[in-house]
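So the chains spell out like this:
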Amino acid sequence: MTAAYDMLCALNAKIKALGYNINGVTTFPRIEVHSIIETEGEQKDDADKVVTGVIDILTRDNAPDSSFEILNVIVSNISENISLSEYICYIWQYESVEMIEEVTDSDDTIFRQFMRFRSNWLAYRDWE
C-alpha cells in the first residue's frame, strides 16, 4: 500500500469519526480529501515519503461561519497522530487555506475552504 492511499483512508476515517460526511454531491456540510500527491523523501533507502493534498470543506449557508467552524475542528483534530498501517507521520503541517464562494443555479451559496497540507511519513520498519 502506498503512503498516499494509506493516508487517504486514515483521513477519511478520522473525518467520519468527527461526524462529517465525506460523500454525496448534494450533501452539506461535507469534507472531501483530494489532489493527493506522494513523492520521495530525503532518505536514500526509500523509507520516507512526502504526501501533500487538499482537505475541501463544503457548506451551503448564507455566511462562511460554519465552514470556518469546521475548518477549526479539522485543524484541531488532524495532525501527526493520524494512524496508518505501514507509516508513521513525523511532520504534519497546514500550508494554506483559500475560501471560495460559489452561487449555484438555484441561487444557493456554497462556501468552500480549500486547506492544503503537507505530511512526512517514515515506514515503521525504519522508525527508531
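The structure under discussion appears in the preceding block.
Residues numbered from 1 in each chain as written. Predicted model: local features only at pLDDT ≥ 70, side-chain atom pairs only at ≥ 80, totals over all residues. Heavy atoms only, no water.

### Focus: the packing of aromatic side chains
So, step 1. Under the definition given, this model contains two aromatic pairs.
So, step 2. For the pair Trp-92 and Tyr-94, a centre-to-centre distance of 6.1 Å together with 75° between the ring planes defines the contact as edge-to-face.
So, step 3. By relative accessible area, which is 8% here, Trp-92 ends up buried.
So, step 4. With centroids separated by 4.8 Å and ring planes inclined at 10°, the aromatic side chains of Trp-92 and Phe-117 adopt a geometry described as stacked. One end of the pair, Trp-92, is in strand β3 (residues 87-103); the other, Phe-117, is in strand β4 (residues 109-123), and 25 residues separate them in sequence. (Phe/Tyr/Trp six-rings, centres within 6.5 Å; stacked < 30°, edge-to-face > 60°. Buried < 20%, exposed > 50% of the residue type's maximum accessible area, 1.4 Å probe, protein only. Helix = DSSP H or I, 4+ residues; strand = E, 2+ residues; numbered from the N terminus.)

### Remarks on the environment of Ala-17
So, step 1. Relative to the assigned elements, Ala-17 resides in helix α1 (residues 3-17).
So, step 2. Taking the C-alpha atoms as reference points, Ala-17 and Asp-65, separated by 48 residues in sequence, lie 22 Å from one another.

### Details of unusual backbone geometry
So, step 1. Cis geometry is found at the peptide bond from Phe-28 to Pro-29, where omega equals -10°.
So, step 2. Its location among the elements puts Pro-29 in the loop between α1 and β1 (30-40).
So, step 3. One non-glycine residue with positive phi stands out, namely Ser-35, at about 55°.
So, step 4. Despite not being glycine, Asp-107 shows a phi value in the positive range, around 65°.
So, step 5. Note that Asp-107 resides in the loop between β3 and β4.

### Some remarks on the sheet that holds β1
So, step 1. Pairing within the open sheet is antiparallel, and its four strands lie in the order β1-β2-β4-β3. Of all the strands in the sheet, the pair left with one neighbour each is β1 and β3. With strand direction ignored, the average angle separating the axes of adjacent strands in the sheet is 15°.
So, step 2. With 13 bridges joining them, strand β2 (residues 48-60) and β4 adopt antiparallel strand pairing. Considered in β4, the bridge of Asp-56 is made with Phe-114. (Pairing = 2+ DSSP bridges. Axes fitted to C-alpha atoms, helices over the stretch in contact; angles between N-to-C directions.)

### Some details on the pairing of β3
Note on strand geometry: in a regular strand, side chains alternate between the two faces of the sheet.
So, step 1. The pairing of β3 with β4 spans 15 bridges and is classified as antiparallel. When the sheet's bridge partners are listed, Tyr-87 is paired in β4 with Ala-123.
So, step 2. Where β3 hands over to β4, the hairpin turn is made up of five residues, of which Asp-107 adopts a positive phi near 65°.

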